[in-house]
Structure formats: structure tokens, C-alpha cells
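# Descriptive analysis of the structure
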Amino acid sequence: MWKLSLTLLVVFFIMTKNVSSKTLLQVHEGSATSCSFYWTRFYNRDSPTMTGDWETLNGLRRKYPGEICEKPIAIDARLVDGRPATVSGNVFTMSPSVGLICLNANQGKGKGIHCMDFKVRFLCVN
């Protein structure tokens, strides 16, 4: 529980401070280890298609081999113009293990609303 709480605290700190990297010193019963966290660059694999926008971790790894860590711990999404993803009004799902998926079918039937173009970055641990 302590380890999970500490990880969540660090991720919250990093995300709220909008820093590019930080180092955390963890102390366990007299021993110390350090972990560094870093954000990848932003990735935009494709433009929205007839079905939506697909910024998936697997797709990004295929297009940019070796650039994204093995187990990202957080994801940040924005519109390609840099605005926060939340201003899009789109319904989308995202997670560090899957990436971002926005389906046109989830945007409201008959409203003509389509997914906007997103970019994502991942938080990694060294």
C-alpha cells in the first residue's frame, strides 16, 4: 500500500507541476533507491479516419520502435494544436497500457460529430 501511495503521489506531483523529469528517492528500512521519471515526446500516429482517431500504444510502438518505454505509468493527451484533450468535447478512452482511442460512433448518433486529431505522450520510469 505504501509503495502504491507513493507512486500515485509522485505521478500527481509530476503531472501537476508539468515537469519533463524528476527523481524520487525512496527509503526502505535504511536503504535508498532512486527512480527517475520522464515524459516521452508527443506522438500523433495518424489523422482521424472514418472510424475515429487511434493513438494506441501498440500502433505507436510499431511506427516508432524503441522510443516508448516498456511499461508507461501515465498518459497525457492533447489536441494536435496543443489544447487540452478535454476541450474537444469528444468521448474517448485512454490508459497508459492501451493509449488513446476515440470512436466516431461514440460521439452521438445523428449529430455529425467526429473525433478530433489527438496526440499523446507517456510517463516512464528509469
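Now for a quick tour of the structure. Only a predicted model underlies this, so the values are computations on that prediction, with no experimental measurement involved.

On the basis of which strands lie adjacent, the open sheet formed by three strands has the order β3-β6-β5 and antiparallel pairing. Strand pairing shows two members of the sheet lacking a second neighbour, β3 (52-56) and β5 (93-95), which therefore form its edges. Strand-to-strand twist in this sheet, taken as the mean axis angle between neighbours without regard to direction, amounts to 10 degrees. Of the strand pairs in this sheet, β5 and strand β6 (residues 99-103) are connected by three bridges, and their pairing is antiparallel. Counted as the bridge partner of methionine 94 is leucine 100 from β6.

Going through the model one piece at a time under the given rule, you end up with two disulfides. Shown here is the disulfide that connects cysteine 69 with cysteine 124, its sulfur atoms set 2.1 Å apart. Here the disulfide of cysteine 69 and cysteine 124 is left-handed, its torsion about the S-S bond being about -80 degrees. Of this pair, cysteine 69 sits in the loop between α2 (57-63) and β4 (74-79) while cysteine 124 sits in strand β7 (residues 118-125); the two residues are 55 residues apart in sequence, bridging distant segments of the chain.

As enumerated under the stated definition, the model contains five salt bridges in all. A salt bridge links arginine 78 to aspartate 76; the shortest N-O distance between them is 3.2 Å. With a closest N to O distance of 2.8 Å, arginine 83 and aspartate 81 form a salt bridge. According to the relative accessible area criterion, arginine 83 is partly exposed, its value standing at 37%.

Now for the side chain of serine 88. Residue position: serine 88 is located in the loop between β4 and β5. Judged by its relative accessible area of 13%, serine 88 falls in the buried class. In this structure the side chain of serine 88 is engaged in a polar contact, spanning 3.0 Å, whose partner is the backbone nitrogen of asparagine 90. Serine 88 has contacts with Leu79, Met116 and Phe118, leaving out every residue within four places of it along the chain.

Any aromatic ring pair is given by two values, namely how distant the centres are and how the planes are angled relative to each other. The tally for this structure, following the rule as stated, stands at two aromatic pairs. When the ring of tyrosine 43 is compared with that of tyrosine 64, the centres are 5.0 Å apart and the planes differ by 50 degrees; the resulting orientation is tilted. Of the two residues, tyrosine 43 is situated in the loop between β2 (31-39) and β3 and tyrosine 64 in the loop between α2 and β4; the sequence distance between them amounts to 21 residues. For tyrosine 64, a relative accessible area of 17% gives the class buried. Look at phenylalanine 92 and phenylalanine 118: their rings are 5.2 Å apart centre to centre, the planes differ by 55 degrees, and that puts the pair in the tilted class. Residue phenylalanine 92 is found in the loop between β4 and β5, and its partner phenylalanine 118 is found in strand β7; the two are separated by 26 residues along the sequence. Note on phenylalanine 92: relative accessible area 22%, which makes it partly exposed. You can call phenylalanine 118 buried: its relative accessible area is 0%.

What counts, and at which threshold
Within any chain, residue numbers begin from 1 and follow the written order of that chain's sequence. Since the coordinates come from a predicted model, pLDDT governs what is reported: local features require at least 70, and pairs of side-chain atoms require 80 or more to be given and counted, while whole-chain, interface and lining totals use all residues. With hydrogens and water excluded, all non-hydrogen atoms of the structure serve as input to the side-chain values. By this definition, two strands are paired if DSSP reports at least two bridges between them. Helix and strand definitions here come from DSSP, where helices need a minimum of 4 consecutive H or I residues and strands a minimum of 2 consecutive E residues; each element is numbered from the N-terminal end. Simply put, an axis is a line fit to the C-alpha atoms, just over the touching stretch for a helix, and the angle between two N-to-C directions goes from 0 to 180 degrees. Working definition: a disulfide is two cysteine sulfur atoms within 2.5 Å of each other. Should a side-chain nitrogen of Lys or Arg be within 4 Å of a carboxyl oxygen of Asp or Glu, the pair is scored as a salt bridge. Throughout, exposure labels follow a simple rule: accessible area from a 1.4 Å probe, protein chains only, divided by the maximum for the residue type, with under 20% read as buried, over 50% as exposed, and the rest as partly exposed. Under the rule applied, a polar contact is a pair of N or O atoms within 3.5 Å (in protein, one hydrogen donor and one hydrogen acceptor; residues adjacent in sequence only if both atoms are side-chain atoms). Contact criterion: two residues are considered in contact whenever any of their non-hydrogen atoms come within 4.5 Å of each other. Only Phe, Tyr and Trp rings are paired, with Trp represented by its six-membered ring, and only when their centres lie within 6.5 Å; those with planes under 30 degrees apart are stacked, over 60 edge-to-face, the remainder tilted.

As far as function goes, none of this settles anything; it's purely spatial.
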